[in-house]
Amino acid sequence: MTSPDATHSDAIQTQARLPVLPPHVRVGYAVIGLGELTEEQLYPAFHLSGQSRLCALVTGNREKALEQAELLGLRPQDVYDYDHFEELKDRPDVQAVFIVLPNSLHREYTERAARIGKHVLCEKPLSVSVADAEAMVLACKAAGVLLMTAYRIQYTPHHQAARELIQGGTLGKVKMMAAIDVQTEPNEGQWRLKRDLAGGGSLLDVGLYCLNTARYLSGEEPYEVFAYTHSTPGDERFGEVEESVSFTLRFPSGLISSNFCSYGTSKHRSLRVLGEKGNLLLDPAFDYTSLRLMVDTETEVRETLIRETDQFALELDHFSGCVLSGEAPFTPGEEGVQDQRIMEAIYRSAREGRPVQLERLEGRDLFRGKKPAQIERERA
Ligand code: NAD
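Q: How would you summarise the packing of helix 5 (residues 157-167) against helix 7 (residues 202-218) if you had to cite specific residues and measurements?
A: At their nearest, the axes of helix 5 and helix 7 sit 8 Å apart, and the two run at 50° to each other. As summarised for this structure, helix 5 and helix 7 are arranged oblique, according to the angle between their axes. On the side of helix 5, the interface is formed by His-159, Gln-160, Ala-162, Arg-163, Ile-166 and Gln-167, while helix 7 contributes Thr-213, Tyr-216, Leu-217 and Ser-218. Residue classes in the contact of helix 5 with helix 7 are distributed as four nonpolar, five polar and one charged.

Q: Provide a residue-level description of the pattern of salt bridges, including the pertinent values.
A: Tallying each qualifying case throughout the model produces 31 salt bridges. For Asp-287, the salt bridge goes to Arg-269, with nearest N and O atoms at 3.3 Å. Taken together, the residues Asp-287 in the loop between strand 14 (278-282) and strand 15 (293-297) and Arg-269 in strand 13 (residues 268-275) connect sequence positions 18 residues apart. In this pair, the class of Asp-287 matches that of Arg-269, namely buried. Across the pair Arg-292 and Glu-303 runs a salt bridge whose closest N-O atoms are separated by 2.6 Å. Of this pair, Arg-292 sits in the loop between strand 14 and strand 15 while Glu-303 is found in strand 16 (residues 300-307), placing the two residues eleven residues apart along the sequence. Here the salt bridges share partners, and the residues they tie into one network are Arg-163, Arg-215, Glu-221, Glu-335, Asp-339, Asp-365 and Arg-368.

Q: How would you summarise helix 8 (residues 311-325) if you had to cite specific residues and measurements?
A: One turn of an α-helix holds 3.6 residues; hence residues three or four places apart share an orientation. Helix length check: helix 8 (15 residues) gives 21 Å between terminal C-alpha atoms against 21 Å at 1.5 Å per residue, within 8%. A distance of 3.0 Å separates the backbone nitrogen of Phe-312 from a side-chain oxygen at the start of helix 8, and that oxygen is part of Asp-310. Once helix 8 finishes, Gly-326 follows within two positions and takes phi at roughly 85°, a positive value.

Q: Residues and numbers for the sheet that holds strand 3 (residues 27-32), please.
A: Taken in spatial order, the six strands line up as 5-4-3-6-7-8 in an open sheet, and their pairing is parallel. At either margin of the open sheet sits one strand with a lone partner, and together these are strand 5 (79-81) and strand 8 (147-150). Across the sheet, the mean angle separating the axes of adjacent strands is 25° when strand polarity is ignored. As paired strands, strand 3 and strand 6 (residues 96-99) are joined by four bridges and run parallel to one another. Its bridge partner lying in strand 6, Tyr-29 is registered against Ala-96. Set on the sheet, helix 1 (residues 36-48) makes contact with strand 3, strand 4 (52-59), strand 6 and strand 7 (119-123); between it and strand 4 the angle comes to about 155°. Most of the contacts of helix 2 (residues 62-72) go to strand 4, to which it runs at about 165°, and overall it touches strand 4 and strand 5.

Q: Talk me through the site of the ligand; I want residue IDs and the actual numbers.
A: As a structural note, the neighbourhood of the ligand is formed by 22 residues, with Glu-36, Asn-103, Lys-124, Arg-152 and Trp-191 the closest of them. Contact between the ligand and Arg-152: an oxygen atom at 2.7 Å from a side-chain N or O atom of the residue. Protein coverage of the free-state accessible area of the ligand, which is 830 Å², stands at 77%. Considered class by class, the residues forming the shell around the ligand number 13 nonpolar, four polar and five charged. Taken together, domain 1 (23-152) and domain 2 (153-309 + 333-377) each give at least three residues to the shell around the ligand, which thus spans both.

Q: I'd like to hear about the environment of Tyr-155, residue by residue, with values.
A: Mapped onto the fold, Tyr-155 is located in the loop between strand 8 and helix 5. Of the residues examined, Tyr-155 reaches a relative accessible area of 1% and is grouped as buried. Here the side chain of Tyr-155 touches Thr-331 through a polar contact of 2.7 Å, side chain to side chain.

Q: So what about the packing of aromatic side chains? Which residues, and what values?
A: For the coordinates displayed, the defined rule picks out nine aromatic pairs. Ring plane angle 65° and centroid distance 5.4 Å describe the contact between Tyr-29 and Phe-46, whose orientation is recorded as edge-to-face. With Tyr-29 in strand 3 and Phe-46 in helix 1, this residue pair connects regions lying 17 residues apart in the sequence. Relative accessible area serves as the criterion here: at 0%, Tyr-29 is assigned to the buried category. Between the aromatic rings of Phe-85 and Tyr-109, the centroid separation amounts to 5.7 Å while the plane-to-plane angle is 85°, which identifies the pairing as edge-to-face. Taken as a pair, Phe-85 in the loop between strand 5 and strand 6 and Tyr-109 in helix 3 (residues 106-115) lie far apart in primary sequence, 24 residues in all. Residue Phe-85 shares its accessibility class with Tyr-109, and that shared class is buried. For Arg-360, the ring lying beneath its charged end belongs to Tyr-223, and the centroid distance is 4.3 Å.

Conventions adopted
- Residues numbered from 1 in each chain as written.
- Predicted model: local features only at pLDDT ≥ 70, side-chain atom pairs only at ≥ 80, totals over all residues.
- Heavy atoms only, no water.
- Axes fitted to C-alpha atoms, helices over the stretch in contact; angles between N-to-C directions.
- Helix = DSSP H or I, 4+ residues; strand = E, 2+ residues; numbered from the N terminus.
- Parallel < 35°, antiparallel > 145°, perpendicular 65-115°, else oblique.
- Contact = heavy atoms within 4.5 Å.
- Nonpolar A, V, L, I, M, F, W, Y, C, P; charged D, E, K, R; others polar.
- Salt bridge = Lys/Arg side-chain N within 4 Å of Asp/Glu carboxyl O.
- Buried < 20%, exposed > 50% of the residue type's maximum accessible area, 1.4 Å probe, protein only.
- Expected span 1.5 Å × (residues − 1).
- Polar contact = N/O pair within 3.5 Å; in protein donor to acceptor, adjacent residues only side chain to side chain.
- Pairing = 2+ DSSP bridges.
- Near = heavy atom within 4 Å.
- Areas by Shrake-Rupley, 256 points an atom, 1.4 Å probe, with all protein chains shown as cover.
- Domains from an automatic or database assignment.
- Phe/Tyr/Trp six-rings, centres within 6.5 Å; stacked < 30°, edge-to-face > 60°.
- Lys NZ or Arg CZ within 6 Å of the ring centre and 35° of its normal.

Right, here's the structure in full:
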């Protein structure tokens, strides 16, 4: 596709900047659920954040939480048991909670947080059903608090640059997106393999990135889905949830998005976008770090060089900015509800062996709020 005189260049340097506020002005958080994501990603993100600060931990394992609190510079009285969560009501320094629990517990803690007047940043997937996710949105609206689905991809400069290339016309009319998000985890015994805690298998956990990124990059909403699920016969991990899902989404512009997610294949996470005048590749596309964006058009082949900023700090600070300004976040609860609707349609399509129609919605960014402001761009 590339013409013989195409240039090979590093065209853009992109940098995400996090505004820095004095500590007493930053939004205070209680984190609920001190598992792998919290320990390995969120504590460092709070450290890097310029608008957010960690004030309290909510746990089922007090001993472990006290050890973590000490390392984080928190006091023993900043550690709360799940049963005493409501005592956070008396902590004016805690304005928001970050829910990092197994999926089916997201609704309960969102509703409890809303009842005590705390804003809610809730891990993905927002919940395990459309009904639960809608109830979470309603509970936060009724209480006058913000709810954000804790998506990362919408706040990373790599994906933002890809979205600009797609929506700005550099690739011409975009016809096809192909996304893969696969891994060999989780191991037996993990809550992710239990239907009552996870709500589903690889689709809710990693396939959601393929789905959500297609919606984010195009700005459109799919009106039809067609899907297959598969679990290896005899593999005991997949008695309750599916191993793999292949699903196709059709969008009003004619765009087709083809996706595969799995718990049974060695790790790979990529996204290819094909347009009339060029294509782009994100590979890896969904990792926490080291993302790469390659662009191939009629005039040039280039890698877009982007200085990385911690994805979780970007996401966290977007929400803090919204708490401070009162504006709806870019990925509000409604954005998570829409993904849940589409995932339910994907499962239904796989069960019934036929395409499933969704409401046909025209327009861009229909469920999104305030655009992230942190990312600034400059020509190299
Ligand atoms: P994890 O298993 O490492 O941690 C879960 C935490 O919940 C633990 O502290 C555990 O003690 C607690 N918990 C409370 N009740 C529980 C119960 N009944 N069963 C099991 N654990 C219980 O999980 P994780 O990887 O930290 O995932 C937590 C949430 O974060 C999930 O919703 C997941 O989808 C999401 N997540 C998001 C990303 C991302 O990139 N945004 C990455 C990983 C996980």
